[in-house]
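# Descriptive analysis of the structure
If you want the building blocks of each chain, they are given just below.
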Amino acid sequence: MALYHKHRPQIFASVIGQEHIIKTITNQVKKANLAHAYLFSGARGLGKTTTARLLAKAANCKNRPEGSFEPCDNCASCSEISASASIDVIEIDAASQTSVDNVRANIIENAQFRPTGGRYKIFIIDEAHMLSTGALNALLKILEEPPEYVIFVLA
């Protein structure tokens, strides 16, 4: 396992150097006012995917008190997301899966099904800028009008 995977922050308070972003996201989590899509951009190593995973944990945490934003990091949902084993959080590396068929199979088809354990089904699309034009066009419809239980995070 890569070092950055092993030592990835597991709660918002552990993220360093992105206070303005963390404040915005945690306010949305605290008020239960999550958007259906997020776009994280910036240089390599800034924590885009880490923040996306933290958002997924907070959104689906079973033990997070109402009005709080930190995931408990102990419930089944938090543990599954930390271990990259949650079927409600789908991480897609768009750099290696750039085709329309991959978007259809991994996102469009999967978004039709409600989450099994958490409140939301969350798609984290890493390297989203690498998707082909056809794949972006295929993604556009579901991205514009997703089911109420789907959150997209494009990094």
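Let me sum up the structure you'll find in this document.

Procedures and definitions
- Residues numbered from 1 in each chain as written.
- Predicted model: local features only at pLDDT ≥ 70, side-chain atom pairs only at ≥ 80, totals over all residues.
- Heavy atoms only, no water.
- Helix = DSSP H or I, 4+ residues; strand = E, 2+ residues; numbered from the N terminus.
- Expected span 1.5 Å × (residues − 1).
- Buried < 20%, exposed > 50% of the residue type's maximum accessible area, 1.4 Å probe, protein only.
- Arc of directions from axis to C-beta.
- Contact = heavy atoms within 4.5 Å.
- Salt bridge = Lys/Arg side-chain N within 4 Å of Asp/Glu carboxyl O.

### Re helix H6 (residues 133-144)
Its 12 residues place the ends of H6 16 Å apart at the C-alpha level, agreeing with the 16 Å of an ideal helix rising 1.5 Å per residue. Residues Ala135, Ala138, Leu139, Ile142 and Leu143 constitute the buried set of H6. Viewed along the axis of H6, the buried residues span an arc of 135°, placing them on a single side of the element. Across H6 from its buried face, at more than 90 degrees, point the exposed residues Thr133, Asn137, Lys141 and Glu144. The inward-facing, buried residues of H6 contact strand E1 (37-39), helix H5 (100-111), strand E3 (121-126) and strand E4 (150-154).

### Concerning the pattern of salt bridges
For the structure shown, the criterion picks out five salt bridges. With a shortest N-O distance of 3.7 Å, aspartate 101 and arginine 104 are connected by a salt bridge. Here the residue aspartate 101 and the residue arginine 104 both occupy positions in helix H5, the gap between them amounting to three residues, near one helical turn. Residue aspartate 101 is classed as exposed on the basis of its relative accessible area of 54%. Between lysine 141 and glutamate 145 there is a salt bridge whose closest N-O contact spans 3.2 Å. Neither residue differs from the other here; lysine 141 and glutamate 145 are each classed as exposed.

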